[in-house]
Each structure stands twice: as structure tokens, then as C-alpha cells.
Amino acid sequence: MAAIELEGLTKDYGEVLANDDVTFDVERGEIFGYLGPNGAGKTTTIRTLLGLLSPTAGTARLLGHDVTDEEQLLTVKRRLGYLPDSPAFDETATGRAVLELHASIKGDERSAELLELFDPPLDREIREYSRGNVQKLGLVTTFMHDPDLVILDEPTSGLDPLLQQRFNEFVRAERERGLTVFFSSHILSEVRRLCDRVGIIRNGRLVAVEPVESLLDRSGKLVRLRTAEPIPPAALEIDGVHDLETAAGPNSETDDVPRGSERAFTFTGDVNVLLDRLRESRVLDLSIEEAPLEDVFMRFYGDDGGDVGSDGDDRVAAGTDASGESGSSGKGGENDV
Ligand SMILES: Nc1ncnc2c1ncn2[C@@H]1O[C@H](COP(=O)(O)OP(=O)(O)OP(=O)(O)O)[C@@H](O)[C@H]1O
């Protein structure tokens, strides 16, 4: 049995179909990233999984329990950790009081260890907390009862780079212990570092579910090439060369006759074929890197819509929301204990 099972999940707000027939499973022990731009429907899926929203149609199961059944939901919540996108703790309570409340409801197996890692100021009242401190406290409350499954909505928003890294290391170590992690994110570098698989949601519809590696493989490599002499155009007329760009190289001596040249392109073909073709040129520099995940993302959301058959009206600046702040989408902060 998978840790999370979604079957035909649909949430219709009237004006907006926030989730439209969303179906996928998250296997036990995997880290699954749920990606999409603001308003794509990520939080709607998450809130449905938590039993905070009832679906218009479809089913959602956590660790085999139907989340629309109150009793089953209560049972599974003991094994679940949840970090909302805006944790809303009691403003007048201190961090310590918040932890005590969580401990009394869900238990406390490991707050001491988590406090060493994330270190929120426990003696301060929540109203004095910065966004980052709220997030740190949220991480402690999410993991302190040692859950089997965690659902995290934009977990690193507000954390500084050092803490983001600490969080990534922590989650990887938890996976080794068998934890299942489902998290939504805009931060593509984080997704790339952490996830086994990703689901991509666009306009409420799931457009891809696949391993991060295959997503990157499909998107090809970014090749940069510098040669002593301009490469004859025919040399790069091979399968898999896309978006070929030319620039005069640093060897250019005159405006009209560049002696060398630089070329950059995306390559989805066989690298050996490419290297064969380059044998006739004097190559000064060659780099072959993975395409940025941002480019991959743009294939789903960009002008051409890539393999999702875009209707082209909802472009996003993928990956630009490095602040991790999610936009407003009509949902208040909630904190589930
Ligand atoms: N309570 C609500 N009533 C009506 N529409 C809503 C409600 N909550 C969300 N929506 C709409 O549903 C769509 C999906 O919103 P959702 O919050 O699930 O997206 P998201 O991917 O989580 O976005 P973000 O990254 O900004 O948090 C959006 O168009 C949003 O405006």
C-alpha cells in the first residue's frame, strides 16, 4: 500500500477548478516533490489530504486511511507530520508553550534533537517571531512526534541558506530511516537536490509524475563549445541539437571575420555522435552540463507548452520565487495538531 493515494481528486470552488481529476501515488519511503506555480492547486491537494477540505469528487488516502472518514483521519494523524505554508501558532504563547501543547496532543519523541538543529527562540512569544523563526518552530512541531509520513507546504520558505541546507540534510537522513515526505515547492534547486520523484501540477491538472532524473534526462544537456575556427554549420546538423546560439569568440580580431566562435545549445542526442562531429574542429573549450530545471519547467509552462499541449495563457517565471513566499490564494494559515 502506498503512503499517499489520490484517485480522481477534484476540488471545484465554483469559479476555479483548483484540482481536476488528480491521480497519483506516493510510495513509502520516497521523497516526492509537488511542483507548480502560484495558484496551480498544490495547497488545495495538501489541504484535502489533511481533511481540511472535502473533495468535490475523488478519493484521498493516507497510509491506507480514507481522509474523508473522520475516525480514519484521526487515526492516521497520529502518524502524520504537517507543516502548513503559514503556520499559525497562538500569537500570545511562547515557543516553549507551543511545543508543550504539541507534545500533549501528539507526543514528543525527539524535540531535543530537533531544537538543536532548528533552534527557534523558545522563550519569546510567537508575535515577536520572524517568519524564519515561525518556520523553525513549525519544523520542530512537524517532526517531534516522529511521524511516518510528513506533508510539507513550502518547507524552507523564510529559512536562511544555512538552515535550508540543514533541513535538506535532515530530510535525506530521515528518508534513510524510512520516512515518506511529500512537499510542495517553487524552489527548483531544492526539489532537484531532495526528491526521488516529482508531480507537476498546472491549472489544477497533473501534467507529469516522474523521477527527477528522467525529467532532467528528457530535457537534455546544455552544451557550450568554443573552437579556434568557426564550426561549419553542417557539423552541428545532428539529431538532438536545439536552440543553437552563436557568439563571436574571444579570438575575434575583426568585426566581420571572427577567427573563433562560441556556440551554446541544448542537446538531447547521443554525446558520442556529437564528439565525433567535433573531431574535425580544434576545440578550445567544451562543457556539457545538465539543463537547468528551470528550463525543464518552462517546457511545461512556457509559450510552447511542451508536452502538455498548453493553451499558452499561464506562463510563469519558473524558479524566480526564491523567497519561497507563496502568493495569496484565499487560504488562511492553519496549523494542524
Ligand atoms: N477558498 C477558496 N475559494 C475559492 N478559490 C480558491 C480558494 N482557495 C484557493 N482557491 C483558488 O484555487 C486555485 C488553486 O489554489 P492553491 O492555493 O491550491 O494553489 P497553490 O498551487 O497552492 O498556490 P500557491 O503556490 O500560491 O500557494 C487558485 O486559483 C486559488 O485562487
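Going by the annotation in an unreviewed UniProt entry, the name recorded for the protein chain is ABC transporter ATP-binding protein, with Natrinema salsiterrestre given as the source organism. The record held by UniProt for the protein chain lists under Sequence similarities (unreviewed entry) the comment "Belongs to the ABC transporter superfamily."

Let us now look at the packing of helix 4 (residues 111-118) against helix 5 (residues 131-143). As a packed pair, helix 4 and helix 5 sit with axes 9 Å apart at the nearest point and diverge in direction by 155°. Put simply, helix 4 runs roughly antiparallel to helix 5. Crossing hand, helix 4 versus helix 5: right-handed. Between helix 4 and helix 5, the contacting residues are S111, L114, L115 and F118 on the first element and K136, L139, V140 and F143 on the second.

Domain annotation for the protein chain reports domain 1 (4-216) and domain 2 (221-289). For domain 1 versus domain 2, the distance between C-alpha centres works out to 44 Å.

The feature "domain: ABC transporter" (unreviewed entry), as annotated in UniProt, sits at residues 4-228 in this numbering. For residues 4-228, the end-to-end C-alpha separation is 55 Å, with 36% helix and 30% strand making up the annotated structure.

Relative to the helices and strands, P120 resides in the loop between helix 4 and helix 5. By the C-beta count within 10 Å, which is 24 here, P120 ends up buried. Put simply, P120 and E109 are eleven residues apart on the chain and 18 Å apart in space, counted from C-alpha to C-alpha. Residues in contact with P120, not counting those within four places in the same chain, are G95, N133, K136, L137 and V140.

For strand 11 (residues 221-227) and strand 13 (residues 261-267), the ladder comprises seven bridges, and the chain directions are antiparallel. Across the sheet, the residue bridging to R224 is A264, located in strand 13. As paired elements, strand 11 and strand 14 (residues 283-290) share seven bridges and run antiparallel to each other. Opposite R224, over in strand 14, you have S287 as the bridge partner.

Inspection of the secondary structure puts D69 in the loop between strand 5 (65-66) and helix 2 (70-77). The spatial distance from the C-alpha of D69 to the C-alpha of G51 is 8.6 Å, given a sequence separation of 18 residues.

This part takes up the pairing of strand 7 (residues 149-153). Within strand 7, five of the five residues are buried, leaving the element largely enclosed by the surrounding structure. Burial along strand 7 is two-sided: the residues L149, I151 and D153 and V150 and L152 are all buried. Strand direction decides the pairing type here: strand 6 (residues 80-83) and strand 7, joined by four bridges, are parallel. Bridge pairing links Y82 to I151 in strand 7.

Take the packing of helix 3 (residues 95-106) against helix 5 next. At a minimum axis distance of 10 Å, the contact between helix 3 and helix 5 shows a crossing angle of 20°. Viewed along their axes, helix 3 and helix 5 adopt a mutual orientation that is roughly parallel. The two elements helix 3 and helix 5 cross, and the hand of that crossing is right-handed. Facing helix 3, whose interface residues are G95, V98, L99 and H102, helix 5 presents L137, V140 and T141. Here the residues of the contact of helix 3 with helix 5 sort into four nonpolar, three polar and no charged.

The subject of this paragraph is the nonpolar core. Formed by 59 residues in total, the largest nonpolar core has its most connected members in L49, V140, I151, V181, F182 and V191. The dominant element in this core, judged by the number of residues it contributes, is helix 5, at five residues. In this view, F182 contacts I4, V26, F32, Y34 and I151; residues no more than four positions away in its chain are not counted.

A few words now on the confidence of the model for the protein chain. Mean pLDDT over the protein chain: 83, with 82% of residues reaching 70 or higher. Across residues 249-258, confidence stays below pLDDT 50; counting only partners more than four residues off in sequence or on other chains, it has 13 contacts. Across residues 304-337, confidence stays below pLDDT 50; counting only partners more than four residues off in sequence or on other chains, it has 59 contacts. The ipTM value of the predicted complex is 0.97, and its pTM value is 0.75.

With mixed pairing, the six strands of this open sheet are ordered in space as 6-7-8-3-9-10. Across the chains shown, the open sheet's two edge strands, defined by having one partner strand only, are strand 6 and strand 10 (205-211). Averaged over all pairs of adjacent strands, the angle between their axes in this sheet comes to 15°, without regard to strand direction. Taken together, the five bridges between strand 3 (residues 31-35) and strand 8 (residues 180-185) define a ladder with parallel strand orientation. The partner of G33 across the bridge, within strand 8, is F183. Packing against the sheet, helix 8 (residues 212-219) makes contact with strand 9 (197-202) and strand 10, and its axis sits at approximately 95° to strand 10.

Quick notes on the rules
- Residues numbered from 1 in each chain as written.
- Predicted model: local features only at pLDDT ≥ 70, side-chain atom pairs only at ≥ 80, totals over all residues.
- UniProt positions renumbered as here; feature names shortened; annotations may be inferred.
- Axes fitted to C-alpha atoms, helices over the stretch in contact; angles between N-to-C directions.
- Helix = DSSP H or I, 4+ residues; strand = E, 2+ residues; numbered from the N terminus.
- Parallel < 35°, antiparallel > 145°, perpendicular 65-115°, else oblique.
- Left-handed = near helix turned anticlockwise from the far one by under 90°.
- Contact = placed C-beta atoms within 7 Å.
- Domains from an automatic or database assignment.
- Buried ≥ 20, exposed ≤ 12 C-beta atoms within 10 Å, placed from the backbone.
- Pairing = 2+ DSSP bridges.
- Nonpolar A, V, L, I, M, F, W, Y, C, P; charged D, E, K, R; others polar.
- Core = buried A, V, L, I, M, F, W, Y, C linked by C-beta atoms within 7 Å.
- pLDDT = per-residue confidence, 0-100.

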